[in-house]
Amino acid sequence: MLISDRIFERLNEISMSQKEFALKTGILQSTISEWKKKKTNPSSDKIMTICSVLNVSPGWLLSGAESSRNKSRYKDYIIVDNKSEIGMLVEKYNGLSKSDRERVMGYMDAFTSINNSSL
């Protein structure tokens, strides 16, 4: 089965039109139609966006294989725009040393436990 076949299978499962899919992914509707007509696959730079919109893992989309860890085709990750606040936070976190990352995680744990206890 082609990647595009899995895309159309998933679109059918979630009752999403090609038009809606095009709007959510930023991929031209004509490009999506070509995948179906010509039995071609999307370019590699579109895979993560497609996975995000369809709520599937890259492993399932690319190979049809389900994750052996959770036996699910659904994703266990998030995609973040690196220009967003969260994306910038991740970039800064990744630039820290291991000990500084552990320290930040300790602060976050303490902060969330304080907030949770005040609810």
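Residues numbered from 1 in each chain as written. Predicted model: local features only at pLDDT ≥ 70, side-chain atom pairs only at ≥ 80, totals over all residues. Heavy atoms only, no water.

### Topic: a nonpolar patch on the surface
- Where nonpolar side chains cluster on the molecular surface, the patch consists of Val80, Ile86 and Val90 and spans about 220 Å² of accessible area.
- With respect to the helices and strands, Val90 occurs in helix 6 (residues 85-94).
- A relative accessible area of 38% means that Val90 is categorised as partly exposed. (Patch = residues over 30% accessible without salt bridge, like charges linked within 9 Å, V, L, I, M, F, W, Y side chains within 5 Å. Areas by Shrake-Rupley, 256 points an atom, 1.4 Å probe, with all protein chains shown as cover. Salt bridge = Lys/Arg side-chain N within 4 Å of Asp/Glu carboxyl O. Helix = DSSP H or I, 4+ residues; strand = E, 2+ residues; numbered from the N terminus. Buried < 20%, exposed > 50% of the residue type's maximum accessible area, 1.4 Å probe, protein only.)

### What about the environment of Ile27?
- Among the secondary structure elements, Ile27 is positioned in the loop between helix 2 (18-25) and helix 3 (29-38).
- For the pair formed by Ile27 and Pro42, sequence separation is 15 residues and the distance between their alpha carbons is 9.5 Å.
- Excluding residues that lie within four positions of it along the chain, Ile27 makes contacts with Ala22, Ile32, Trp35, Lys46 and Ile50. (Contact = heavy atoms within 4.5 Å.)

### Observations concerning the pattern of salt bridges
- Scanning all chains against the criterion turns up six salt bridges.
- Asp45 is the salt-bridge partner of Lys46, the closest N and O atoms lying 3.6 Å from each other.
- For Asp45, a relative accessible area of 55% translates into the label exposed.

### Re the packing of helix 1 (residues 3-13) against helix 3
- Viewed as axis vectors pointing N to C, helix 1 and helix 3 meet at an angle of 115°, and their least axial separation amounts to 9 Å. The angle between helix 1 and helix 3 falls in the class roughly perpendicular. Every pair of crossing elements has a handedness; the one defined by helix 1 and helix 3 is left-handed. Residue-level inspection shows Ser4, Ile7 and Phe8 of helix 1 in contact with helix 3, the latter providing Ile32, Trp35 and Lys36.
- Class assignment for the residues of the contact of helix 1 with helix 3 results in four nonpolar, one polar and one charged. (Axes fitted to C-alpha atoms, helices over the stretch in contact; angles between N-to-C directions. Parallel < 35°, antiparallel > 145°, perpendicular 65-115°, else oblique. Left-handed = near helix turned anticlockwise from the far one by under 90°. Nonpolar A, V, L, I, M, F, W, Y, C, P; charged D, E, K, R; others polar.)

### Here's the deal with the packing of helix 2 against helix 4 (residues 47-54)
- Relative to each other, helix 2 and helix 4 sit at 120°, their axes nearing to 10 Å. For the element pair helix 2 / helix 4, the angle class is oblique. With respect to the hand of their crossing, helix 2 and helix 4 are arranged in right-handed fashion. Residues Phe21, Lys24 and Thr25 of helix 2 touch helix 4, and the partners they reach there are Thr49, Ile50, Val53 and Leu54.
- Looking at the contact of helix 2 with helix 4 residue by residue, the class counts come to four nonpolar, two polar and one charged.

So yeah, pure geometry; function would need other evidence.
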